[in-house]
Amino acid sequence: MSGVIGNLALWSAVVATVVAQVLKVALVLITERRFAPERLLDTGGMPSSHTASVTALATSIGLLYGWGSPTFAIAAVFGSIVMYDATGIRRAAGQQAEAINELVKELAHLFDAGFQPKALKTLLGHTYPQVFAGAILGILTAVLIVL
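Not measured: the values here are computed from a predicted model.

Undergrad: Is there a simple way to explain helix 4 (residues 70-87) in this structure?
TA: The α-helix advances 3.6 residues per turn, and as a result positions three or four apart in sequence lie on the same side. Relative to the 26 Å expected for 18 residues at 1.5 Å per residue, helix 4 spans 26 Å between its end C-alpha atoms, a close match to the ideal helical length. Along helix 4, the residues that are buried comprise Phe 72, Ala 75, Gly 79, Val 82, Ala 86 and Thr 87. Across the axial projection of helix 4, the buried residues extend over an arc of 120°, all falling on one side. Exposed and facing more than 90 degrees away from the buried side of helix 4 are Pro 70, Ile 74, Ile 81 and Tyr 84.

Here it is in structure tokens:
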């Protein structure tokens, strides 16, 4: 257990994730003037917590074990896949969910009485600025924790 407690790479990723999720709540509070605690557990939005986490992990591993280490290479490849997925596949799934939700609204008159389809979650992926902000947050978090 002491190995986990002292694992700076792990803590960098955890702290970056938590900070990103708290920032999402704060940004909604500032921009929309409403408290949205559900954003602490939601995906999508500014900044990308997935990106913050994997960037903090890769950066801390690079700082701790060297930029040429196989461990950094694994973390960097893993991180790039996560970021690609966030801006590509997950974002496209969110856009498709928006279109399906709109179709359900337009065709609501065709449903049986009492049938209320549940709206699909649309905030799944990220825009490039959201991923960029998550990456900066992850790098800064790792530098602050490791150095």
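Undergrad: Is there a simple way to explain the pattern of salt bridges in this structure?
TA: Where charged atoms from two side chains of opposite charge approach closely, those side chains can pair. In total, this model carries three salt bridges according to the counting rule given. Put simply, Arg 34 and Glu 32 hold a salt bridge, and the shortest N to O gap is 2.8 Å. The exposure class assigned to Glu 32 is partly exposed, which follows from its relative accessible area of 45%. Arg 34 is the partner of Glu 38 in a salt bridge, and the nearest nitrogen-oxygen pair spans 3.7 Å. Among the charged side chains, a salt-bridge network with shared partners connects Glu 32, Arg 34 and Glu 38.

The rules behind these values
Residues numbered from 1 in each chain as written. Predicted model: local features only at pLDDT ≥ 70, side-chain atom pairs only at ≥ 80, totals over all residues. Heavy atoms only, no water. Helix = DSSP H or I, 4+ residues; strand = E, 2+ residues; numbered from the N terminus. Expected span 1.5 Å × (residues − 1). Buried < 20%, exposed > 50% of the residue type's maximum accessible area, 1.4 Å probe, protein only. Arc of directions from axis to C-beta. Salt bridge = Lys/Arg side-chain N within 4 Å of Asp/Glu carboxyl O.

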